[in-house]
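# Reading the structure
Residues per chain are reported as follows:
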Amino acid sequence: MATRCGFVALIGEPNAGKSTLLNRMVGAKVSIVTHKVQTTRARIRGVAIEGESQIVFVDTPGLFRPRRRLDRAMVAAAWGGAADADIVVLLVEAHRGLTEGVRAILDALGERTSGRKVALAINKIDRVKSESLLALTQQLNAAWPFAGTFMISAEKGYGVDDLRAWLARELPEGPWLYPEDQIADLPLRMIAAEMTREKLTLRLHQELPYQLTVETESWQERKDGSVRIDQVIYVARDGHKGIVLGKGGETVKAISQASRAELEAFLDRKVHLFLQVKVRPGWLDEAERYSEMGLDFRDGNA
Ligand SMILES: Nc1nc2c(ncn2[C@@H]2O[C@H](COP(=O)(O)OP(=O)(O)OP(=O)(O)O)[C@@H](O)[C@H]2O)c(=O)[nH]1
Ligand SMILES: [Mg+2]
């Protein structure tokens, strides 16, 4: 039987569950997840195998009306992911339904995906009564000619196998792009930085997580099999540094411990993690910060 391979972009409003779905499809945590909006900043690829098909899932930042430069670069990355994909999966939250935000996505979908197949995944069905799903499915399908509709819970795993099997059948014939055992296409240093950013986002409140970025500065393999990872947390203001550090450094210490534990599980070896907080008022307008995140700086112009 011929092999199949292709890209499937996951798009949707912020918080729709795109990263949760990618992780579920891949069977490992490749993309960070939080309860806050705008967690994912760049395109993250995770690879799944289903029968003869290799499905390359592309997680994207949420689609929303961008205001700041970083927002614009994120939204451009999300639409870029959709434009490059063989199939697009639009995630809609079951309990929120056809929101203004989903409507805005549908309005732009035709132009952005130019004839590509778009499937609808109504996510978080564990949060609603099943009776409400039929009406929502009809409403959404009246708004856009979806090639397929799936009701899923990315978190619980409901309906995910059906979606994966359908995608595997719909992808074009072609050779696999990745070795069989590869599940992510993202440098390890970036995965490591993302894990720390996840812990920061979970722990810090309000706007602060959106105004910081994490970079892995060095990665040293040690003779004893462990790895030493040095990371910098860039914040935009002096006051933010104090918040990240916490009283007597206890906040950053807790973040470091949580991130290290997850890195050790992911890498399956001992990790020595060192975090440094640097104030960099202009980081949100520095090209290098964007390239470190995997974003196109120019996309932030507008
Ligand atoms: N109840 C429920 N919660 C879910 C489900 N899928 C995801 N979530 C939760 O929704 C929140 C957002 O999930 P993410 O996967 O980070 O969403 P995202 O679309 O990647 O968000 P951004 O990266 O910010 O655009 C998290 O708290 C998840 O645990 C689901 O099927 N059911
Ligand atoms: Mg995400």
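A brief look at the structure comes next. Everything numeric here is computed off the predicted structure, so don't read it as measured data.

### So, the pattern of salt bridges
Tallying each qualifying case throughout the model produces 24 salt bridges. Between R269 and E221 there is a salt bridge, with the nearest N and O atoms lying 2.6 Å from each other. One end of the pair, R269, is in the loop between helix 8 (250–267) and strand 10 (271–279); the other, E221, is in strand 8 (residues 212–221), with 48 residues separating them in the sequence. By sharing partners, the salt bridges in this structure join E215, R280, E286, E288 and R289 into a single network.

### Describing the coordination of the magnesium ion (ligand 2)
For the magnesium ion (ligand 2), the full set of protein donor atoms is S19 (OG) and T40 (OG1), at a range of 2.0 to 2.1 Å. Remark: T40 occurs in the loop between helix 1 (18–26) and strand 2 (44–50) and S19 occurs in helix 1; sequence separation between them is 21 residues.

### A short note on the sheet that holds strand 8
Overall, mixed pairing links the three strands, which are arranged 8-9-10 in an open sheet. Whereas interior strands pair on both sides, the edge strands pair on one side only; in this sheet they are strand 8 and strand 10. Going across the sheet, the axis of each strand differs from the next one's by a mean of 20°, ignoring polarity. Two strands pair when backbone bridges link them, and strand 9 (residues 227–235) and strand 10 are joined in this way by nine bridges, in the parallel orientation. Each residue of the ladder has a partner; that of D230, found in strand 10, is F274. The strands touched by helix 7 (residues 238–245) are strand 8, strand 9 and strand 10; relative to strand 10, the strand with the most contacts, the crossing angle is about 155°. In the packing of helix 8 onto the sheet, contacts are made with strand 8, strand 9 and strand 10, and the angle to strand 10 comes to roughly 140°.

### What to know about the site of ligand 1
Near ligand 1 lie 23 residues; those nearest to it are K18, T20, T39, D126 and E155. Take A16: an N or O atom from its main chain is 3.1 Å from an oxygen atom of ligand 1. Burial of ligand 1 by the protein chains amounts to 91% of its free accessible area of 650 Å². In terms of residue count, helix 1 provides more of the shell around ligand 1 than any other element does, three residues in total. Across the shell around ligand 1, the residue classes tally to five nonpolar, 12 polar and six charged.

### Points about the packing of helix 2 (residues 69–84) against helix 3 (residues 100–113)
For any two helices packed against each other, the geometry comes down to the angle between their axes and how far apart the axes lie. Two elements in contact, helix 2 and helix 3, have axes separated by 9 Å at closest approach and are oriented at 50°. With respect to helix 3, the element helix 2 is oriented oblique. Here helix 2 runs over helix 3; the crossing is right-handed. On helix 3, the residues touching W79, A82 and A83 of helix 2 are I105, A108, L109, R112 and T113.

### Some words on the nonpolar core
Judged by nonpolar contacts, the single largest core of 39 residues is most densely connected at V8, L21, F57, L167 and I229. Counting residues in each nonpolar core, the second largest holds 31 residues, with A9, A78, L109 and L140 among its members.

### Considerations on the pairing of strand 2
By the bridge criterion, seven bridges tie strand 2 to strand 3 (residues 53–59) in an arrangement that is antiparallel. Paired with R45 across the two strands is V58, which belongs to strand 3. Judged from the two bridges that link them, strand 2 and strand 7 (residues 184–185) form a sheet pairing that is antiparallel. Among the inter-strand pairings, G46 is bridged to a residue of strand 7, identified as A184.

### Structural notes on the side chain of S19
Taking relative accessible area as the criterion, S19 reaches 8% and is therefore assigned buried. Within the structure, the side chain of S19 is placed 2.5 Å from the side chain of D59, a separation counted as a polar contact. With residues near it in sequence (within four places) discarded, S19 still touches S31, I32, V33, T40 and D59.

### Considerations on the side chain of H240
With respect to the element layout, H240 can be found in helix 7. Look at H240 and you get buried, because its relative accessible area is 11%. Leave out the neighbours within four places in its chain, and H240 touches L208, Q211 and V235.

### Regarding the packing of helix 6 (residues 188–203) against helix 8
Helix 8 packs onto helix 6 with a crossing angle of 140° between their chain directions and a minimal axis gap of 9 Å. Viewed along their axes, helix 6 and helix 8 adopt a mutual orientation that is oblique. In this structure, helix 6 crosses over helix 8, and the sense of that crossing is right-handed. Facing L188, I191, A192, M195, T196, E198, K199, L200 and R203 of helix 6, the residues of helix 8 in contact are T251, A254, I255, A258, S259, E262, L263, F266 and L267. Of the residues contributing to the contact of helix 6 with helix 8, the split by class is 11 nonpolar, three polar and four charged.

### Describing the environment of M293
Topologically, M293 is positioned in helix 9 (residues 287–293). Residue M293 is classed as buried on the basis of its relative accessible area, which comes to 9%. C-alpha of M293 to C-alpha of K36: the two residues are 257 residues apart in sequence and 19 Å apart in space.

What counts and how
- Residues numbered from 1 in each chain as written.
- Chains lettered and ligands numbered in written order.
- Predicted model: local features only at pLDDT ≥ 70, side-chain atom pairs only at ≥ 80, totals over all residues.
- Heavy atoms only, no water.
- Salt bridge = Lys/Arg side-chain N within 4 Å of Asp/Glu carboxyl O.
- Helix = DSSP H or I, 4+ residues; strand = E, 2+ residues; numbered from the N terminus.
- Donors = N, O, S within 2.8 Å, 3.2 Å for Na, K, Ca; no water.
- Pairing = 2+ DSSP bridges.
- Axes fitted to C-alpha atoms, helices over the stretch in contact; angles between N-to-C directions.
- Contact = heavy atoms within 4.5 Å.
- Near = heavy atom within 4 Å.
- Polar contact = N/O pair within 3.5 Å; in protein donor to acceptor, adjacent residues only side chain to side chain.
- Areas by Shrake-Rupley, 256 points an atom, 1.4 Å probe, with all protein chains shown as cover.
- Nonpolar A, V, L, I, M, F, W, Y, C, P; charged D, E, K, R; others polar.
- Parallel < 35°, antiparallel > 145°, perpendicular 65-115°, else oblique.
- Left-handed = near helix turned anticlockwise from the far one by under 90°.
- Core = buried A, V, L, I, M, F, W, Y, C linked by side-chain atoms within 4.5 Å.
- Buried < 20%, exposed > 50% of the residue type's maximum accessible area, 1.4 Å probe, protein only.

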